[in-house]
Amino acid sequence: MNNVSSSAVSSAPVAPAATPSASSAASHQLMQKGWATQLFAAELPQASAQLRAEMERALDAPMSAFERFRLTEVCRVLVMGLHNRWCRLSHKEEQVFSGDVALWQALWSHYSLSLRTLLDGDPELTPHKAFFLQQALFIGKQLRLIHALAHKPFPEKLWKEVHAYYRFSELMQCALENVTDKLLTSENRVSCYSTYVHTLLIDLANLPIMKPQEILWMDRWLPRLARKAQPVDTMTPQIGLFLETRLDSTQGGVLRARVKPSSDPSLRIADLNEIAKTLRRRRRHLITGETPSRVKLGEDISGDQATSLLAHLEAAWCPPDLSHVPDAPQFDDWETSSKA
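Residues numbered from 1 in each chain as written. Predicted model: local features only at pLDDT ≥ 70, side-chain atom pairs only at ≥ 80, totals over all residues. Heavy atoms only, no water.

1. Considering helix 10 (residues 273-287)
For an α-helix, 3.6 residues make a turn, and residues three or four places apart therefore share a direction. In this model, helix 10 (15 residues) spans 21 Å end to end at C-alpha, consistent with the 21 Å of a helix rising 1.5 Å per residue. Among the residues making up helix 10, those that are buried are Ile-275, Ala-276, Thr-278, Leu-279, Arg-282 and Leu-286. Projected down its long axis, helix 10 carries its buried residues within an arc of 165°, all on one side. Facing away from the buried side of helix 10 by over 90 degrees, the exposed positions are Arg-284 and Ile-287. At its buried positions, helix 10 is contacted by helix 8 (192-203), helix 9 (212-226), strand 4 (238-246) and helix 11 (303-317). Gly-289 lies just past helix 10 and shows a positive phi near 110°. (Helix = DSSP H or I, 4+ residues; strand = E, 2+ residues; numbered from the N terminus. Expected span 1.5 Å × (residues − 1). Buried < 20%, exposed > 50% of the residue type's maximum accessible area, 1.4 Å probe, protein only. Arc of directions from axis to C-beta. Contact = heavy atoms within 4.5 Å.)

In structure tokens, the structure reads:
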């Protein structure tokens, strides 16, 4: 954990020189290395409660928008460290689930506090808009993951938050801008768009029949897989494999076999065909004798486990028959007219 923490903290943006009137975040206890060492030495429930209390205290501390942004990134590293400890336990136990969720929600409060400043064009924060919004979406993804591990439904209010942060990334014209997130062990290069797709795909993975370790492996693979999804013009009719979502929805996304032209301003569609090809290609490699580590699936999973999980994800995300999807008949009208 300490190695992850130090590399992630060192990647945080360097703050410009503080003005005499600005309050410095560096003096806050959260920024002290010795305090973090003591935190991770404590028992997990106490450490989580202590970190939440410090984050809540920091919400009221006066500081510039950029200083809060930098402090928030340090908090994110600390939260991720405790989350990794929570993941060694069963999220089906209410104390584990609620403890992990509370950490991430306390962290999300800092992003909510700084969001208005970003949208108002703060000159220090604006250059880091893609990094800021990707981090906020990462928290939404983490919350969806925790609910998946506990086999609990994702609350509608949290879906609203996820959709809203993605909408803000479009508004700030940075949805597709790549950033480096060193808290991801499998892939550092991500974007707001790929993190958003990552969250939607977790939701569509037929979670009730997955084991917790399978969910964690899937989450580890998704940063690289989600980058292969591409946004689709909602006004161009197409046939293929698509992920549809609406930014004003209280749910995740649905799979579609066709894109029917729509002027709905909240509609977003992603092409999943490259993801489908990647899943099938990796399965073929494993079947012909390649090891999971050689196909970038990790060293802590066997070939049989990886093959089985890839088959499960292909069935969940790339089904050959989408007739079960609600409202599918409306797409048949376009297909019929296009062949006329």
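2. Description of the side chain of Glu-244
Among the secondary structure elements, Glu-244 is positioned in strand 4. Engagement of the side chain of Glu-244 in a polar contact is seen with the side chain of Arg-246, the distance being 2.6 Å. (Polar contact = N/O pair within 3.5 Å; in protein donor to acceptor, adjacent residues only side chain to side chain.)

3. Remarks on the nonpolar core
Leu-51, Met-218 and Trp-317 are the most contacted members of the largest nonpolar core, which totals 102 residues. For this core, the element with the highest residue contribution is helix 6 (residues 129-149), accounting for 13 residues. With residues up to four places along the chain from it excluded, the contact list for Trp-317 reads Leu-201, Leu-204, Ala-205, Met-218, Leu-222, Leu-225, Leu-241, Leu-255, Leu-272, Ile-275 and Leu-279. Counting five residues, the second largest nonpolar core, distinct from the first, contains Val-232, Phe-242, Leu-267 and Ile-269. (Core = buried A, V, L, I, M, F, W, Y, C linked by side-chain atoms within 4.5 Å.)

4. A look at the pairing of strand 6 (residues 267-271)
Looking along a regular strand, one sees side chains alternate from face to face of the sheet. Where strand 3 (residues 230-232) lies against strand 6, three bridges are found, and the strand directions are antiparallel. Residue pairing in the sheet places Gln-230 in a bridge with Asp-271 of strand 6. Examined bridge by bridge, strand 4 and strand 6 share five bridges and lie antiparallel to one another. Pairing of Arg-246 across the sheet is with Leu-267, part of strand 6. (Pairing = 2+ DSSP bridges.)

5. Notes on the sheet that holds strand 3
If you walk across this open sheet you meet the four strands as 3-6-4-5, and the pairing is antiparallel. Edge strands, defined here as strands with exactly one partner in the open sheet, are strand 3 and strand 5 (254-259). Across the sheet, the mean angle from the axis of one strand to that of its neighbour is 45°, orientation sign disregarded. Contacts between helix 8 and the sheet are confined to strand 3, strand 4 and strand 6, with strand 4 contributing the most and set at about 90° to the helix. (Axes fitted to C-alpha atoms, helices over the stretch in contact; angles between N-to-C directions.)

6. Considering the pairing of strand 4
Summarising the sheet, strand 4 and strand 5 pair through five bridges and their orientation is antiparallel. Each residue of the ladder has a partner; that of Phe-242, found in strand 5, is Arg-256.

7. Things to note about the packing of aromatic side chains
Counted under the stated rule, the structure contains 10 aromatic pairs. For the ring pair Phe-154 and Trp-159, a centre distance of 5.0 Å and an interplane angle of 85° mean the geometry is edge-to-face. By relative accessible area, Phe-154 is classed as buried at 8%. Its end group placed over the ring of Phe-97, Lys-152 keeps NZ or CZ at 5.0 Å from the ring centre. (Phe/Tyr/Trp six-rings, centres within 6.5 Å; stacked < 30°, edge-to-face > 60°. Lys NZ or Arg CZ within 6 Å of the ring centre and 35° of its normal.)

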